[in-house]
Every structure is written in C-alpha cells, then in structure tokens.
Amino acid sequence: IFDSLATTSGRHLVNHLEPLPMPSLPRVRGADIKSILMSCILPVIAIWVYLTMLAPMVQDLGAVYSDLCGGHLGFVWSVDKRHVVHFARTQGDGWENSTGSLQLRGISEAIALDPAQLQTAELGLWHSDVTRLTDSETMSLDELVDQGNPYCEDLATTGPMLNLLRDSLNNQSIASC
C-alpha cells in the first residue's frame, strides 16, 4: 500500500533514513532506569485508578443492588383510588416503582419488615391473598371506603390510615380525624 500511495520523493526519503543515535540509559544491576521506573509506576497508577475511580463505582453498584434486590421482597403491592398502598405476600418479588412519596416510604417499610411482622406496617395495608390487590384496584372510591369502614368509625387513629391522612393534608401533627 505504501509503495502504491507514496510519492517518489517520500519513498526515496524513507529508503535513506537511518536510525537516530540515542544515548543508552544508565543501568542498575543490569536493568535500565526506564524499565525500573515503569515497573514501579504502572502498579501505582493501577492502584490509584482502582481507589479513585473503580472502588466508588463498585460501592454505588453494591448500594443499587441492595436497594433493588435486598430486604424482604416476597410481596406485591398496589395503590387504590385513595392512594393507600395494599400489600400481599408472594413467592416472587414483582414490584415496580411509584412516584408518590408515601407509597415509596410504604414500599421501603415493606422491604425492611420481617415477614413475621407484616401486620405492624405503618404505611400500607397487608392482605392475605394477592387477588385482593386486583380487587382494590378495580373498586371505586366509594366501594373502597365502604369496604374498609362499614360502620363509619374513626379509623385514622393509628397505622396506615393516620399516615395517609397526615400525608394528604401535609400536616404531621394530626393525631386523629
């Protein structure tokens, strides 16, 4: 390729080039200084790159893995028309992201809960069966209120309902209805 593309003067120049004289580097016990320095500098640079660039990235990936796959994931969740989070135990871990702050806190609480303490949840309602979640999604707001409180009692004194009321009104000092 060079012969076909190079000009005649370029080929003549390359044919008459001679190596430049280079003074040899000082040697220490048979090894030149350049190879000794490279043997020391390259591992130091590799360690520096690991500590300043790779280790923080590995730590971030570990935190993401813990957030996505850590904790108690044996549940599914659903949000009804009241914006109340409903949970049910499963054998898998199928859940998706939500945009509401109360819902995300409820999901974080569910992940952190021990499966034996599910009924102590403060930010969501746990159900015994997964099919109850689809029922709560398809019901109207009036049906949900009637099902959850058939006797019109004051439900917002503790637990998820009180937290929902506080979050809806943006007032954390509310003690009950």
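Within every chain, residues take consecutive numbers counted from 1 along the sequence as written. Local features in this predicted model are restricted to residues of pLDDT 70 or higher, and side-chain atom pairs are both shown and tallied only at a pLDDT of 80 or more, whereas totals for entire chains, interfaces and linings draw on every residue. Hydrogens and waters are ignored; side-chain quantities use all the structure's heavy atoms.

(A) The overall build of the protein, seen in detail. Per the secondary structure count, the protein includes 7 helices and 5 strands. Helical segments are the DSSP runs of H or I of at least four residues, strand segments are the runs of E of at least two, and each set is numbered from the N terminus. Scanning the protein from its N terminus toward the C terminus, one meets helices and strands in the order α-α-β-β-α-β-β-α-β-α-α-α. Burial here depends on accessible area, computed with a 1.4 Å probe over protein chains only, as a share of the maximum for the residue type. Under 20% is buried, over 50% is exposed, and the range in between is partly exposed. Relative to its 177 residues, the protein shows a buried fraction of 25%. The contact criterion used is simple: two residues touch if any of their non-hydrogen atoms lie within 4.5 Å. In the protein, the share of contacts with a sequence separation of at least 24, taken over all contacts with a separation of at least 6, comes to 47%. Roughly 12900 Å² of accessible area belongs to the protein as shown, and the carbon and sulfur atoms make up 61% of that amount. Per-residue accessibility takes into account occlusion by the displayed protein chains alone, with areas from the Shrake-Rupley method and a 1.4 Å probe.

(B) Representation of the pairing of strand β3 (residues 75–79). Where burial is concerned, most of β3 is hidden: 4 out of the 5 residues are buried. Looking at chain direction, β3 and strand β4 (residues 85–89) are connected through 5 bridges and run antiparallel. By the bridge assignment, Ser78 is partnered in β4 with His86. Connecting β3 to the next strand, β4, in antiparallel fashion are 5 residues, including His83 with a positive phi near 70°. The criterion for strand pairing is that DSSP finds at least two bridges linking the strands in question.

(C) A look at the confidence of the model for the protein. The predictor attaches a confidence to each residue, and that confidence, scored 0 to 100, is pLDDT. Put simply, the protein has an average pLDDT of 76, and 69% of its residues get 70 or more. Under a pLDDT of 50 for its full length, residues 92–98 has, in the predicted model, 20 contacts with residues more than four places off or in other chains.

(D) Structural context of a nonpolar patch on the surface. The residues that make up patches have over 30% relative accessible area and no salt bridge, and they are joined within 9 Å when like-charged or within 5 Å when they are Val, Leu, Ile, Met, Phe, Trp or Tyr. Salt bridge, as applied in this entry: a Lys or Arg side-chain nitrogen positioned within 4 Å of an Asp or Glu carboxyl oxygen. Side chains of Val28, Ile33, Ile36, Leu37, Met38, Ile41, Leu42 and Ile45 sit close together on the surface and give an oily, nonpolar patch of about 650 Å² of accessible area. Structurally, Ile33 can be placed in helix α3 (residues 33–69).

(E) Expanded view of the nonpolar core. The biggest cluster of nonpolar side chains holds 8 residues, and these are Phe75, Trp77, Val85, Phe87, Ala110, Ile111, Leu113 and Trp126. Listing elements by their share of this core, those giving two or more residues are β3, β4 and α4 (101–112). We define a nonpolar core as any set of buried Ala, Val, Leu, Ile, Met, Phe, Trp, Tyr and Cys residues linked to one another through side-chain atoms lying within 4.5 Å.

(F) Inspection of unusual backbone geometry at higher detail. Phi is positive for Arg29, close to 50°, though the residue is something other than glycine. With respect to the helices, strands and loops of the structure, Arg29 is situated in the loop between β1 (27–28) and β2 (31–32).

(G) How the structure looks around the environment of Phe87. Checked against the element boundaries, Phe87 lands in strand β4. C-alpha separation for the pair Phe87 and Gly106, spaced 19 residues apart in sequence, amounts to 9.4 Å.

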